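Read off the chains here:
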Amino acid sequence: MPVYTVSHVSNIRICVVMVGLPARGKSFISQRIVRYLSWLSIKAKSFNVGNYRREKKSHPNAEFFDSHNEDGLKIRKEAAVEAVKDMMKFFQDELGVVAILDATNSTKERRDWILKLCRENSIEPMFLESWCDDDSIITKNIMDVKTSSPDYLGQDPELAAKDFIKRISKYKETYEPLEVETNKDLTFIKLINVSEQVIINKIETYLESRIVYYVMNLHIKPRSIYLSRHGESMYNLEGKIGGDADLSERGWKYAQKLPELVKKVLKSEEHDDYDDDDDTDIKLTVWTSTLKRTQQTASYLPYDKLQWKALDELDAGACDGLTYEEIELQFPQDFKERDENKYEYRYRGGESYRDVVIRLEPIIMELELQENILIITHQAILRCIYAYFMNIPQEESPWMSIPLHTLIKLEPRAFKTIVERIKADIPAVSTYKEKGTSQLGEIEDINNKSKNLITGAPLR
Amino acid sequence: MSGNNSYTKLQPQGAEDVQSPSYPGNYSARTKKRWGSTPNSYIGTLNSTTTDGIHTQLSPDHIFPAQLYSTESGRLFHAGKILIALVGLPARGKTHLSVSLTRYLRWLGVKTQSFHVSDYRRKAYSNFEDDIPQDYFSASPKTEEGIKIREQIINGCLSDIMSFFERERGQVAIYDALNALKIHRLEVEELFSKMNIKVLFIESIVDDAKLLKRNVNNAAASPDYEGWDPKLAKSDYLKRIQANAPIYEQIDFDKTETHLNYIKFINFGERLVTHNSQHGYLINRIVFFLMNSRIKAGRVYFARCGKSNLDKYIDDELLNSEGLEYSEILCKTLLARLKEKRKQELREMINESPIYSTPISSVNSQSSSSNVSTENIPSLTRKHLSRQPSTADGSSVNSFVVWTATRKRTSETANPFRRKGITVRERYQLNQLNTGAVADMPEEEIIKIFENEYLQDLKDPYHHRYPRAESYHDLAVRMEPLLLEMERMDGDILIIAHESVLRVLYGYLMACSCYSIPALEFPRDELIEISYTPYENLTKRIKLEGVEP
């Protein structure tokens, strides 16, 4: 029996059809929606028509996109057809729930074609247009594209930018934006200059409203999210899981050192309004769980603090307070089952990783909206939050290694999240348990690509 | 986001202080630093739990069910003060909107109060048939007396709003008036901007004749027309609309109000247009609420889960024979009630077959219409233009859905519904309050082992959390993502859950104070029915015959 996350989805198929000129942040929005939904176990995938086109034509110049260029038109159409074919396969074979058609879809003709296909296949089309005439936003997007787009790989950035601007003007010639008058029967969202004006038309399902709410919470202001486990606890020393133990002596040392570590990373941020004499000028809010060990870890930090029950450690139910060896002895079947499917396994009277993700959803929503946040929480919770920002698949996220006494900095950028780790240089026990053993400690694991993402240990 | 409010900073605690807490478990969450006031002072102000508390005045120190923290200013520190001024002709659902928005924002811990100009007028003229000059109901009265009275009543309302912000630590005030003229809106904007309060206009526009008719009928049943002949009431109300329709000015019709922050709310959620409204948490929440807002026809039913042998938290048992019998009675009683309410057969309630019975027509098939090709697109037929019936749960007024927790006996209580083909959904968020260290412990034992905790719990049963347990407050925060999903359903919904969960949900729908929520009782032999009206929610308890309480 599946558990539903934000909404019941087994009888819904949605196709989010992106609309807009190049450099309007369509791919950014597409990828974020996919990340959010996938993290909630809602099957979502983005189909970028540009990627299909690149297989046929890898470095086109602006002329290729001219509406009179027969060759160009043919290749672009073929690419769209292939993307849509794959999208249909995704709905049919993979039981997809939300597909995102990431392309300009800038003409009415193209949109009618997609609309028709959707309607004939019981897919709800939801159009999402990003419309923009604010030059500062467009310029920023062009800067991103000229350095990151595979279309301009290896080319001079200045020439790339020039060509790209020309490409945009080619699209402009035939662009027909969504209009309330003519499209009033469609489900569509129109974002004008990011969020200066937003038009939301005919939202029919809760899931759609949740997607729109999520998109509205996205912002492009630079910020960082800092993550830390609590300092080493007395239970960590004894190898016990769960509980509400105090920090160990070394744990307290970490708590005392944390303000200095935080100050250092904050200082390295280049804020215009930053005043060297007063560190509290940079706005940072600290989120902790309700358990003692996270609050003790935060106790020396001079920032606003907020406790969330949702940040409490995964509830181990009947196994709470035991060591892994004791669990293996007392609940051998459970011990085995958990190793086999750690994401779904729910402790007797406790929680699974999936349950934790559901309770973290409001936290993620809030995190997208906020600016600088430091989260001090627990191993399983950090794995889930980290998995969201780094797109880690469910099979791997519960097995990631997150060491104690390390501050992690996440800097969400348009296409990826940048990670930095700051070690406190205070020794602590390892609380990492490999699959198939009850012993703690790290062993090399070449099959798990994500395991050491956080520790930064080299991959083989 | 403005951080301009002065609020109590949670002081960094010294290590010694934290290392030896006076109580085990979550120590600082219960200290005065988090909840700035002692609940004892409220005992006298509890609202009744059987009527909707949404119109109750709040005390300045009021704490809301899902409020995350309390501050000295009484306001959340990650949002500023907002005046929401509603705009729209009569019968545009403004009162409904202000009431339901107040309910949602209060639940989230935002100190919100609706100010209905109509309430002020009723207070001044209880006998409104005779005394009020008829042109009072126009946004621009013609007679001297009409002008004077209108000014008086509106000024009374506005000055109460100001004192709500200044003296009662209010965060959001909803000003429920016509605000039909541009000049009035600009005045409101100027008045409150000066006080450093953001003004957000929400204009409700209805051009759907069916919706309008329903609203007019609803209004004819409002307090104004108590004791009237329904026909006369309706025609009188229509007169009020007619008085304003010709002079009404939509926001920014002539592009002179572009500097205002506004949301156009069209046909109750069909379309939303936000303008200049990128202000973070609260406004996004409001837009999310508006997307899911409905003038609700369906009802919400609450029932307990059946009994199991040991009735223990940790074991997660199946139902015993008594519990199974209960589940049958529940199903029978509820379906009979629905039938009576809807006057329709059960088979029509069974939801449409899931969409996956419709296969994707092969993209390579020969059939011309499903061939994925951009060549020669045939023009769209009516079939393509019309929207397919939405397939989500609760999308039609005839739908009926059952939600349960994921725990075994709760889910099993829904089996009789499953057997009849009714949709049953298990929701993790509906799992019962986790009682942590005191799970399945008899009271005497709790007193013995956790004496201090027990005393704390007596003092503030809503926020108190036994070691490792959830408080009611935690439960309320956990259930937040479900609320609007429940609210947007057009049909009926039954929620089968543990008493602790029902208390919190009931608390939301009936706007109970968090001091009364832990004491709410839902005996097993009663089915709760909650129905919606524009001004308040109504509740009814239906006896389950043959069930032990």
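Residues numbered from 1 in each chain as written. Chains lettered and ligands numbered in written order. Predicted model: local features only at pLDDT ≥ 70, side-chain atom pairs only at ≥ 80, totals over all residues.

Caption draft 1: Quick peek at the environment of Gly231(A). Residue and element names in this part refer to chain A. Mapping Gly-231 onto the fold places it in the loop between strand S7 (225-229) and helix H8 (234-238). With 30 C-beta atoms counted inside 10 Å, the residue Gly-231 sits in the buried group. With 15 residues separating them along the chain, Gly-231 and Asp-246 place their C-alpha atoms 9.4 Å apart. Apart from residues no more than four positions distant in its own chain, Gly-231 is found in contact with Leu-247, Gly-251, Trp-252, Tyr-254, Ala-255, Arg-293, Thr-297 and His-405. (Helix = DSSP H or I, 4+ residues; strand = E, 2+ residues; numbered from the N terminus. Buried ≥ 20, exposed ≤ 12 C-beta atoms within 10 Å, placed from the backbone. Contact = placed C-beta atoms within 7 Å.)

Caption draft 2: Structural context of the packing of helix H7 (residues 206-217) of chain A against helix H9 (residues 281-291) of chain B. Taken N-terminus to C-terminus, the directions of H7(A) and H9(B) make an angle of 165 degrees; their axes are 10 Å apart at the nearest point. Judged by the inter-axis angle, H7(A) sits roughly antiparallel to H9(B). Note that H7(A) runs across H9(B); the crossing there is right-handed. Across the interface between the two elements, Ser209(A), Val212(A), Tyr213(A), Met216(A) and Asn217(A) from H7(A) touch Asn284(B), Val287(B), Phe288(B) and Met291(B) from H9(B). The residue inventory of the contact of H7(A) with H9(B), partitioned by class, reads six nonpolar, three polar and no charged. (Axes fitted to C-alpha atoms, helices over the stretch in contact; angles between N-to-C directions. Parallel < 35°, antiparallel > 145°, perpendicular 65-115°, else oblique. Left-handed = near helix turned anticlockwise from the far one by under 90°. Nonpolar A, V, L, I, M, F, W, Y, C, P; charged D, E, K, R; others polar.)

Caption draft 3: The nonpolar core, seen in detail. Formed by 228 residues in total, the largest nonpolar core has its most connected members in Ile33(A), Leu101(A) and Ile495(B). Those residues in contact with Leu101(A) that sit more than four places away from it in its chain are Cys15(A), Val17(A), Met18(A), Phe47(A), Ala83(A), Met87(A) and Ile114(A). Counting six residues, the second-largest nonpolar core is a separate cluster that includes Val145(A), Ala160(A), Phe164(A) and Ile168(A). (Core = buried A, V, L, I, M, F, W, Y, C linked by C-beta atoms within 7 Å.)

Caption draft 4: Main features of the domain arrangement of chain B. Residue and element names in this part refer to chain B. Taken domain by domain, chain B comprises domain 1 (75-291) and domain 2 (300-351 + 390-434 + 470-543). Between the C-alpha centres of domain 1 and domain 2 the distance comes to 34 Å. Contacts between domain 1 and domain 2 engage 10 residues on the former and five residues on the latter. Top contributing element to the side of domain 1 that touches domain 2 by residue count: helix H2 (residues 94-107), with six residues. Of the residues belonging to the side of domain 1 that touches domain 2, the class tally is three nonpolar, five polar and two charged. (Domains from an automatic or database assignment.)

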